[in-house]
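Letter by letter, the chains look like this.
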Amino acid sequence: MANADAALRKPGRDGALREERACVVCARRFWSEELRPVILFQDPAAGAPETVDGEEEDQRVKKIAPSQQRRLCRVLGVQRYLERWPQLQARPEAIAELKASAVEHPFLKEELLLLHRRRMPADVRDPCDVCRECCGPLTSSMVSLPRYSLANDLWIGRQLPALRNLAAATKRLLPMVRTCLQVTVLQPGNLVREERQKGFIGNSIFLPQAAPTAIRAVLPPPEQDMQESILFVLVGDGQNKTALQSSALLKAPRGEYESAVRCLQSTSPYYEEVTLRDAGESTLQGCILETGVNSYLAKQLLQQGPADAQGQEDDDTEENQEAEPMEDAGHLVSSIVGLNDGEDEQCKWLKVGRDMQELCRRKPGSRLSVAQQVCRDRDGNVVSDGSSARSSQLLGREGLRERQALGQIKSIQSLAAQSAQSHRQVEADMFQVRPSKLVVPSQGSPASMFEPSTWAMAFPDLFPWGDGVSFLKRETRMDAAEVFRYLLIREELQYKLPSESELVSAPLPRWSLSVARQ
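Under an unreviewed UniProt entry, the name given to the protein is Transketolase, and the source organism is Durusdinium trenchii.

Right, dumping it as structure tokens:
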């Protein structure tokens, strides 16, 4: 820690204190010493700059050659972005946002480039801060599109006013597709601070759905559909249910929600045909589930005491040496709540199937499987006394092979019996009543999580224009992990339209601070 603190306090290369800045090409945040000064704009009509006698050129400052200025405008230009996104070109609002966020070339008039305006110097001809990944492609002999540049289908725009500072319930009711199951655990109010839930499980649990639910054409969704994706598990005697129903956690202000949907209808190509139905502010009221403190569900969702995060325990402490290992709580919750209707049990039955296949598979160099070989040995060991045939006990190598095969069969039978018994026990003990099993199935025609449109419909407040999502066929290829890492360190764009009177201060990044994603 001392070394890390010293490194943070160490001045940068220019002697200034360390600070966080953002690249003007990709809008990612870096420490100041990780960025390089680059002169983006030069007069394309001028030749190579001449060095005045006695004046030394700063070798640290990179430059984009005058001969590459027109290609730079083409690679990072607004017009090229509109050609790649015809759905934006058909929307006047999108064109206005793109032009407002762009920077005009000082020597080539009416050439607009997608750059981070907030981090541009006062004089655009001065050196700009550019990260290493963007500097290389731009300063090479032939300008190419940087992987993380805004022009590589990562513009996304600013955080629109109608989608800014939305209530938690409003965000939960906006998506057309749901890719995650959310369980919010509300503990008993009488627990002391030291015993409140901490550690791996957390207060909200998100489970990815292997097959996202069907696309919704009507918003807000009906209550029964919301119950399949969002649950507020109230652990206790039920006295706090009335207070929870009246809290802001479950209420989406109608005016705010209507404004957000109208905004998405004018920006996102996937929301054009969405119907906004009349509904109250209490669509999430039916998502409350009560359960007793000692129920099976509560025991798996709650942790008693200030437990550390799973996998971060200090093995050298006596407390951890004496304590029993913590159960894989996340896996248990997936089984209880229903990642895919009994995911845990399906894994057990898959093991049964694999063990059966192994028992019946032919061994290398043999024409018979273990089971077939045991049957053949038994047939060859039949002793007949004239009236009946009986098999005597196999000995030696054949006896060992028989005992091994019978052991595998018994193991398969035992696992199958345990799975059936566990399934019945969960049904009986889950809520201390004879209820219903809590599952979240994927119904209708499921969407694919590998389709870019699924992400734009599942997180509309993050991707209001449809771009910036993963799995797009970009000019400079990016995999899904790179896109997610990019979003987490991206700085919000800051600009204003000509019709707006003042520039609103840039909010904190919407991705890194986004709580509960549905």
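J.: Please clarify how the overall build of the protein should be interpreted in this entry.
T.: The secondary structure content of the protein amounts to 18 helices and 15 strands. In the protein, which comprises 518 residues, the share counted as buried stands at 42%. By sequence separation, contacts in the protein at least 24 residues apart represent 72% of the contacts at least 6 residues apart.

J.: Help me understand the pairing of strand S3 (residues 36-39), please; the structure alone is not making it clear to me.
T.: Consecutive side chains along a regular strand alternate between the two faces of the sheet. In the sheet, S3 pairs with strand S7 (residues 128-130) via three bridges, with the strands oriented antiparallel. Bridged to Pro37 within S7 is Asp129. By the bridge criterion, two bridges tie S3 to strand S4 (residues 62-63) in an arrangement that is parallel. From the neighbouring strand, Val38 faces S4, where its bridge partner is Lys62.

J.: What am I meant to see in the environment of Gly466 here?
T.: As for its placement among the helices and strands, Gly466 is situated in the loop between helix H17 (452-458) and helix H18 (480-488). In this structure, the C-alpha to C-alpha distance between Gly466 and Trp85, residues 381 residues apart in sequence, is 9.4 Å. Beyond its immediate chain neighbours, meaning those up to four positions away, Gly466 contacts Trp85, Tyr270 and Ala456.

J.: Please clarify how the nonpolar core should be interpreted in this entry.
T.: Inside soluble globular proteins, nonpolar side chains tend to come together where they are buried. Membership of the largest hydrophobic core comes to 90 residues, with the highest contact counts inside it found for Cys23, Leu40, Leu76 and Leu115. The contact partners of Leu115, leaving out residues within four places of it in the chain, are Val24, Val25, Leu40, Phe41, Leu76, Ser101, Val103, Met120 and Leu150.

J.: Quick question: what am I supposed to make of helix H10 (residues 254-267) here?
T.: What sets the pattern is the α-helix's 3.6 residues per turn: residues three or four places apart point alike. With 14 residues, H10 ought to run about 20 Å at 1.5 Å a step, and its terminal C-alpha atoms sit 20 Å apart, in line with that. Every buried residue belonging to H10 is among Tyr257, Ala260, Val261, Cys263, Leu264, Gln265 and Thr267, and all of these are buried. At its buried positions, H10 is contacted by helix H7 (168-173), strand S10 (218-219) and strand S12 (275-276).

J.: Honestly, the sheet that holds S3 in this entry has me stumped. Any pointers?
T.: Across a sheet, strands are paired by hydrogen bonds formed along the backbone, either parallel or antiparallel in direction. What the three strands build is an open sheet, ordered S4-S3-S7; its pairing is mixed. Every interior strand has two partners, whereas the edge strands, S4 and S7, have only one. Lying on the sheet, helix H6 (residues 132-139) is in contact with S3, S4 and S7; it crosses S3 at an angle near 30°.

J.: Is there a simple way to explain the packing of aromatic side chains in this structure?
T.: A ring pair, where both rings are aromatic, is described by two values, the distance of the centres and the angle of the planes. Summed over the entire model, instances satisfying the criterion amount to six aromatic pairs. Ring plane angle 25° and centroid distance 5.8 Å describe the contact between Trp455 and Phe459, whose orientation is recorded as stacked. The class for Trp455 is buried, based on a relative accessible area of 15%. Taken together through their ring pairs, the aromatic side chains of Tyr81, Trp155 and Trp465 make up a single cluster. One residue, Arg28, lies across the ring of Tyr148, its end atom 4.0 Å from the ring centre.

J.: Would you explain empty space enclosed by the protein in this entry?
T.: Empty space left among the atoms is revealed by rolling a probe the size of a water molecule over them. Overall, the coordinates contain three cavities of 30 Å³ or more when judged by the stated rule. Lining the largest cavity we find 10 residues, and of these Arg158, Arg164, Leu493, Tyr495 and Val504 sit closest to its centre. Residues that form the lining of the largest cavity fall into these classes: five nonpolar, three polar and two charged.

J.: Explain the pattern of salt bridges here, please?
T.: When their charged atoms lie close together, side chains carrying opposite charge are able to pair. Per the counting criterion, the structure on display carries 19 salt bridges. Here Glu33 and Arg18 are joined by a salt bridge, their closest N and O atoms 2.5 Å apart. Taken together, the residues span a long stretch of sequence, with Glu33 in the loop between strand S2 (29-31) and S3 and Arg18 in the loop between helix H1 (2-9) and strand S1 (20-22) at a distance of 15 residues. Residue Glu33 is classed as partly exposed on the basis of its relative accessible area, which comes to 22%. Classification of Arg18 by relative accessible area gives partly exposed; the value is 23%. Across the pair Arg118 and Glu491 runs a salt bridge, and its minimum N-O distance is 3.4 Å.

J.: In this structure, what is going on with unusual backbone geometry? I would like to understand it.
T.: Negative phi is the rule for most residues except glycine; trans is the rule for most peptide bonds. The peptide bond linking Leu219 to Pro220 adopts the cis configuration, its omega dihedral lying at -10°. Considering the arrangement of structural elements, one finds Pro220 in the loop between S10 and helix H8 (223-226). One non-glycine residue, Ala27, adopts positive backbone phi at about 65°. Tracing the backbone shows Ala27 in the loop between S1 and S2.

J.: So what exactly am I meant to see when it comes to the environment of Met176 here?
T.: Relative to the helices and strands, Met176 is located in the loop between H7 and strand S8 (180-186). Of the residues examined, Met176 reaches a relative accessible area of 5% and is grouped as buried. Spatially, the C-alpha atoms of Met176 and Pro460 are 8.4 Å apart, while their sequence positions differ by 284 residues. Setting aside residues no more than four positions away along its own chain, Met176 makes contact with Ala214, Ile215, Arg216, Leu219, Tyr270, Tyr271, Val274 and Met457.

Basis of the calculations
Residues numbered from 1 in each chain as written. Predicted model: local features only at pLDDT ≥ 70, side-chain atom pairs only at ≥ 80, totals over all residues. Heavy atoms only, no water. Helix = DSSP H or I, 4+ residues; strand = E, 2+ residues; numbered from the N terminus. Buried < 20%, exposed > 50% of the residue type's maximum accessible area, 1.4 Å probe, protein only. Contact = heavy atoms within 4.5 Å. Pairing = 2+ DSSP bridges. Core = buried A, V, L, I, M, F, W, Y, C linked by side-chain atoms within 4.5 Å. Expected span 1.5 Å × (residues − 1). Axes fitted to C-alpha atoms, helices over the stretch in contact; angles between N-to-C directions. Phe/Tyr/Trp six-rings, centres within 6.5 Å; stacked < 30°, edge-to-face > 60°. Lys NZ or Arg CZ within 6 Å of the ring centre and 35° of its normal. 1 Å grid on protein atoms, 1.4 Å probe; cavity = no way out; pocket = protein on both sides within 12 Å on 5 of 7 lines; lining within 4 Å. Points joined across faces, edges and corners; volume = space filled by probe spheres on them. Nonpolar A, V, L, I, M, F, W, Y, C, P; charged D, E, K, R; others polar. Salt bridge = Lys/Arg side-chain N within 4 Å of Asp/Glu carboxyl O.

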